[in-house]
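# Notes for the structure review
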Amino acid sequence: MRFSRQRNWFAVALPLTVASGFIFLLSGCASPGPARPPSLQLPQAVTDLSAEREGDHVLLRWTTPEKTTDGLKVQPPLTAEICSEFHASACTTVMRLGVRPGASEVTLSLPQNQASGPAALLAYRIQILNKNGRSAGQSAPAFSIAGAAPPVVESLRGAAAREGAVLEWKPQPGRATVELERTLVQAQQPTAKKANAKKPLQLTPTAPVKVRLQAGGTTDSGGTFDPTAQRGETYRYTAQRVRVVTLDGHTLRLRSAPSIAITVVMRDTFPPKAPTGLAAVPGDHAIDLSWDPNTEPDLTGYLVYRQHVSANGTDVGPRTQLTPAPVPAPAFSDRTAQVGETYSYRVVAVDAAGNQSSASAEVQELLK
């Protein structure tokens, strides 16, 4: 009987052990989950489309996405399809062009019916198509203005002045301001590579620095002043008339085409102002001079001149320059003056370009 019981135990226990191992194996297998459909490779929709009207053209800018709607890297080729809406019409395709991920732009020429007549709202949308011609949808609209642009700025001219550049043009009636774009013209700079004696020096052009200037006011005044123009620099200016238009709650800017560019060379030919407040005081074997300081930012210093005056004050000797180089401070001590003699003094201001002012008022002093 004992043997029979053991046999029965093995008979029952063994199947249970095998079953447990089978369950363990099933529980250790990862669940594959639901199958993912293949990516449609749809580029993400454009979110930053902008439109800028200039003359008879519209400049569109946007960022072509780098990812698909699945978060994958987009696969070329990509095509940008641009459409426009005018007078509540359906969005009509106006251009298709190949693009790459990143900053993108294109200039569209307006048809005659959109480049003339009264101002009207114009909207653009864009979608990025994959190689199969499919997209994730169009962008939100970017608004611009249809209608006649303001007239081009004519007779633009400029000249250097002491405190900046003077700009003038032919004014036009109507409520339109004038904006100017200034570009700093810089000489090409040599690269860091060592020059090869057998080859000409390679030059790398410096990127232009552009500054937009507002002429001010709501009407065309026919001129403005650029106080930020620096002496010694060369600038290129263009001008545009700008009209602000509000259509269906959208405030937009309508620009004319740019004017002909002009160049203004800011040569420093403007002397400093003459020093003022010159005073002379006799001291211990010297005559001390002082005057009001000049305020020019490029001032280098002052030159001091002296003339000998006779006792009766009628005969004046030749004028002598006492300072070989400009002195930076508005003061000078004449230690070459002789006791019992009378002298006449004048002071001249000098700037960094070597321009000299007219002489200050004369002052006389007797060294006792």
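Residues numbered from 1 in each chain as written. Predicted model: local features only at pLDDT ≥ 70, side-chain atom pairs only at ≥ 80, totals over all residues. Heavy atoms only, no water.

### Some thoughts on the overall build of the protein
A tally of helices and strands in the protein yields one helix and 24 strands. Long-range pairs, those at least 24 residues apart, make up 67% of the contacts in the protein with a sequence separation of at least 6. For the protein, the accessible area works out to roughly 22300 Å², and carbon and sulfur atoms hold 55% of it. (Helix = DSSP H or I, 4+ residues; strand = E, 2+ residues; numbered from the N terminus. Contact = heavy atoms within 4.5 Å. Areas by Shrake-Rupley, 256 points an atom, 1.4 Å probe, with all protein chains shown as cover.)

### A few points about the state of the cysteines
Note: disulfide means a covalent bond formed between the sulfur atoms of two cysteine side chains. Under the counting rule described, the total for this entry stands at one disulfide. The disulfide bridge from Cys 83 ends at Cys 91, spanning 1.9 Å between sulfur atoms. Residues Cys 83 and Cys 91 are joined through a disulfide that is right-handed, its torsion about the S-S bond being 90°. A relative accessible area of 27% places Cys 91 in the partly exposed class. (Disulfide = S-S within 2.5 Å. Buried < 20%, exposed > 50% of the residue type's maximum accessible area, 1.4 Å probe, protein only.)

### Focus: the packing of aromatic side chains
Evaluation of the coordinates by the stated rule reveals three aromatic pairs. With 5.3 Å between their ring centres and 70° between their planes, Trp 291 and Tyr 302 make a pair best called edge-to-face. Of this pair, Trp 291 sits in the loop between β19 (287-290) and β20 (299-309) while Tyr 302 sits in strand β20, placing them eleven residues apart in sequence. Each of the two residues, Trp 291 as well as Tyr 302, counts as buried. Ring centres 6.4 Å apart and planes at 50° place the aromatic pair Tyr 343 and Tyr 345 in the tilted group. Tyr 345 gets classed as buried once you look at its relative accessible area, which sits at 0%. (Phe/Tyr/Trp six-rings, centres within 6.5 Å; stacked < 30°, edge-to-face > 60°.)

### Topic: unusual backbone geometry
The peptide bond linking Pro 76 to Pro 77 adopts the cis configuration, its omega dihedral lying at 0°. On the secondary structure map, Pro 77 appears in the loop between β2 (57-64) and β3 (78-86). The residue Gln 41 is not glycine, and still its phi comes out positive at about 55°. Within the secondary structure, Gln 41 is located in the loop between α1 (2-28) and β1 (50-54). The partly exposed category is assigned to Gln 41, whose relative accessible area is 26%.

### Details of the sheet that holds β3
One open sheet holds the four strands; their spatial order is β4-β3-β6-β7, and the pairing between them is antiparallel. Edge strands, defined here as strands with exactly one partner in the open sheet, are β4 (92-99) and β7 (142-146). Between one strand axis and the next, the sheet turns by 30° as a mean value, whatever way the strands run. Alignment of strand β6 (residues 120-129) against β7, held across five bridges, turns out to be antiparallel. Bridge pairing in β7 places Ala 120 opposite Ala 146. (Pairing = 2+ DSSP bridges. Axes fitted to C-alpha atoms, helices over the stretch in contact; angles between N-to-C directions.)

### Observations regarding the sheet that holds strand β8 (residues 157-161)
Overall, antiparallel pairing links the three strands, which are arranged β8-β9-β14 in an open sheet. Both outer strands of the open sheet, β8 and β14 (223-226), are each paired with one neighbouring strand and no more. Along the sheet, successive strands turn relative to each other by an average axial angle of 20°, direction set aside.

### Details of the side chain of Arg 255
Looking at where Arg 255 falls in the secondary structure, it is placed in strand β16 (residues 250-255). A polar side-chain atom of Arg 255 sits 3.3 Å from a polar atom in the side chain of Glu 52. What Arg 255 contacts, discounting residues up to four positions off in sequence, is Glu 52, Arg 53, Glu 54, Gly 55, Ala 149, Pro 150, Glu 179, Arg 212, Gln 240, Arg 241 and Val 242. (Polar contact = N/O pair within 3.5 Å; in protein donor to acceptor, adjacent residues only side chain to side chain.)

### Quick look at the nonpolar core
Counting residues in each nonpolar core, the largest one holds 22 residues, and the members touching the most others are Leu 49, Leu 60, Trp 62, Ile 82, Tyr 124, Ile 126 and Ile 128. Those elements that provide at least two residues to this core are β2, β3, β5 (102-109), β6 and β7. No other element matches β6, which puts five residues into this core. (Core = buried A, V, L, I, M, F, W, Y, C linked by side-chain atoms within 4.5 Å.)

### A few points about the environment of Thr 69
Following the sequence through the fold, Thr 69 ends up in the loop between β2 and β3. For Thr 69, a relative accessible area of 46% translates into the label partly exposed. Taking the C-alpha atoms as reference points, Thr 69 and Gln 41, separated by 28 residues in sequence, lie 7.4 Å from one another.

### Describing the pairing of strand β23 (residues 342-351)
Among the ten residues that make up β23, nine are buried, leaving the element largely enclosed by the rest of the structure. Pairing of β20 with β23, which is carried by ten bridges, proceeds in the antiparallel orientation. Counted as the bridge partner of His 308 is Tyr 343 from β23.

### As for the side chain of Arg 53
Mapped onto the fold, Arg 53 is located in strand β1. The buried charged residue Arg 53 lacks any salt bridge, with Asp 56 as its nearest oppositely charged partner at 4.1 Å. A polar side-chain atom of Arg 53 sits 2.6 Å from the main-chain carbonyl oxygen of Gly 55. (Lys, Arg positive; Asp, Glu negative; His and termini not counted. Salt bridge = Lys/Arg side-chain N within 4 Å of Asp/Glu carboxyl O.)

### Observations regarding the pattern of salt bridges
Here the structure, examined in full by the defined rule, presents 14 salt bridges. A salt bridge links Arg 125 to Glu 85; its shortest N-O distance comes to 2.8 Å. With Arg 125 in strand β6 and Glu 85 in strand β3, this residue pair connects regions lying 40 residues apart in the sequence. Exposure remark for Arg 125: the relative accessible area of 22% places this residue in the partly exposed category. Residue Glu 85 is classed as partly exposed on the basis of its relative accessible area of 23%. Put simply, Asp 334 and Arg 306 hold a salt bridge, and the shortest N to O gap is 2.9 Å. Remark: Arg 306 occurs in strand β20 and Asp 334 occurs in strand β22 (residues 331-334); sequence separation between them is 28 residues. When sorted by exposure, Asp 334 lands in the same class as Arg 306, which is buried. Look at the salt bridges and you will find they share partners, linking Glu 52, Arg 61, Glu 105, Glu 179, Arg 253 and Arg 255 into a network.

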